[in-house]
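# Summary of the model geometry
These are the residues of each chain, in order.
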Amino acid sequence: MAQPGPVLAAQGSEAPGRSAPTRRGTELAMLAFAAGLVTGALMLVEANQQQTLTIRLVWYGLAYLALFGIAHAAVRKWAPFADPLILPCVALLNGIGLVMLYRIDLAEAAAALQSDSEFENTVSKQILWTTVALVLFLVVLHLVKDHRTLTRYGYTFGLVGLFLLALPAVLPGVIAPTINGAKIWLRFGPVSIQPGEFAKILLLIFFAAFLVSKRDLFMAAGRRVLGIDLPRARDLGPILFCWAVSVMVLVAEKDLGTSLLFFGTVLVMLYVATERGIWVGVGLTLFAAGCLVAYQIFAHVQLRVANWLDPFADYSSGGYQIAQALFGLGTGGVGGTGLGAGRPDMVPLANSDFITAAIGEELGFIGLSALLLVYMMLAMRGMRSAVAVRDTFGKLLGGGLSFALIMQVFVVVGGVTKLIPMTGITAPFLSAGGSSLLANYVLVALLLRISDAARRPQTGAKPKPAQQVPIADAGTVMVERPS
């Protein structure tokens, strides 16, 4: 049923053809390019806001480059064969996010001055969180020397992930307040965290390990109906469990975004592991049924759907946010108003959930599309590493992490542009928020570790007998479709 995959194994051995100095130079050059773009964007904001252009802007750019230069040195030391484009893409996204937060802060500071109200500086907190996230990134990259060791703790990660995912739902409102209709935060004094961001990564590790060990379970076919091999009833347990967790998140925490992200990523990993589209069909049917039930029960879900269908019907209340975002995107048009020359502060939560609307207004369709292409490049490089890595666990984990990233972008941009109902999750590396930033840098560290394993040249050691090889060390396999 399974044969060695020479094609995929060959891909894993091609990449190391480039020398380590070449990869090091490419990554450093791209980081310098990203730092130059961020510094130029900051200058445009200052100029259009009639601020004084001083030499301090250059120092800001150099400090930004130095911060990611440290990360670059660590990556080249601990993961020398990793893809040299992943870190620069992250640095550019993070930098553009900081520029937009600074621009929104200027607008909100001016409004606070006119109304004689207090103003909260967001960009300074985000810079602090970026520094902490990079430290966590280095810690994960240093501690996880081989991604296959994560399989030893797969079930532990799964239990911890479920605990973190359910924690806001069971704690009282003093610790887990309801914010903007969703109960997904934990508040400890001035510090707030979103445990679901970390649960996402832990659960992906668990499902990757689980699918590797139980893949034959999902390959078995049951009855054939209308030319489709349906799964056996006794094999539906894992996907029903995922469905139940997603519905629990949707019902208890009213968080459609996390529920959709979690369940969608698991379905994609299941499809990658088995190449059976029926699992995707079953999963989407179950998720749609759960959404319909939630729509009938919860007024919050009904309001989100109503605002999606026609935000102008309730413009002064529930539809105001999405309507203002659409006005901003329309004002930006193709070329944008220019950095610092728009009015992104007129959109509520422009620094978090709706930051892509602010970017679309000031950079236009061209700028927003370019930013989405950077996301696509980041996800594609991660998926390419997943294809090239030699162990099945790495393939599933790398593919799941890459898809989770791009799925989150789709959910965010789709909600802002009224393609899908607004879900209330943040754009990776762009939006204000420490939890999202920390979790996504951990995700990138794992992708770099998988990329390093995929591009590292083979040592030529003789493999162990098949019956003695652990699951995480198993060779690449090609799975045949069911007959």
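Let me begin by describing the structure that accompanies this report. Since this is a predicted model, take the numbers as computed values, not measurements.

Geometrically, a packed helix pair is captured by the angle between its two axes and the distance between the axes. Remark: helix 3 (residues 56-78) packs on helix 4 (residues 86-115), axes separated minimally by 11 Å, with the N-to-C direction vectors making an angle of 155°. Regarding the angle of helix 3 to helix 4, the classification is roughly antiparallel. For the pair helix 3 and helix 4, the crossing hand works out as right-handed. The segment helix 3 lies against helix 4, with Tyr64, Phe68, Ala71, His72 and Val75 engaging Leu87, Ala91, Leu92, Asn94 and Gly95. Tallied by class, the residues present in the contact of helix 3 with helix 4 amount to seven nonpolar, three polar and no charged.

This part takes up the packing of helix 10 (residues 256-274) against helix 11 (residues 277-297). Put simply, helix 10 and helix 11 touch, their axes get as near as 8 Å, and they point 165° apart. For the element pair helix 10 / helix 11, the angle class is roughly antiparallel. In this structure, helix 10 crosses over helix 11, and the sense of that crossing is right-handed. Contacts from Leu256, Ser259, Leu260, Phe263, Leu267, Leu270, Tyr271 and Thr274 of helix 10 reach helix 11 at Gly277, Trp279, Val280, Gly283, Leu284, Phe287 and Cys291. Class assignment of the residues belonging to the contact of helix 10 with helix 11 gives a composition of eleven nonpolar, four polar and no charged.

So, on to the pattern of salt bridges. Taken as a whole, this structure holds nine salt bridges when the rule is applied. For the salt bridge of Arg148 with Asp146, the shortest nitrogen-to-oxygen distance reads 2.7 Å. Classification of Arg148 as partly exposed rests on a relative accessible area of 30%. We classify Asp146 as partly exposed; its relative accessible area is 23%.

Criteria and cut-off values
- Residues numbered from 1 in each chain as written.
- Predicted model: local features only at pLDDT ≥ 70, side-chain atom pairs only at ≥ 80, totals over all residues.
- Heavy atoms only, no water.
- Axes fitted to C-alpha atoms, helices over the stretch in contact; angles between N-to-C directions.
- Helix = DSSP H or I, 4+ residues; strand = E, 2+ residues; numbered from the N terminus.
- Parallel < 35°, antiparallel > 145°, perpendicular 65-115°, else oblique.
- Left-handed = near helix turned anticlockwise from the far one by under 90°.
- Contact = heavy atoms within 4.5 Å.
- Nonpolar A, V, L, I, M, F, W, Y, C, P; charged D, E, K, R; others polar.
- Salt bridge = Lys/Arg side-chain N within 4 Å of Asp/Glu carboxyl O.
- Buried < 20%, exposed > 50% of the residue type's maximum accessible area, 1.4 Å probe, protein only.

Any functional reading would require information that these geometric values do not contain.
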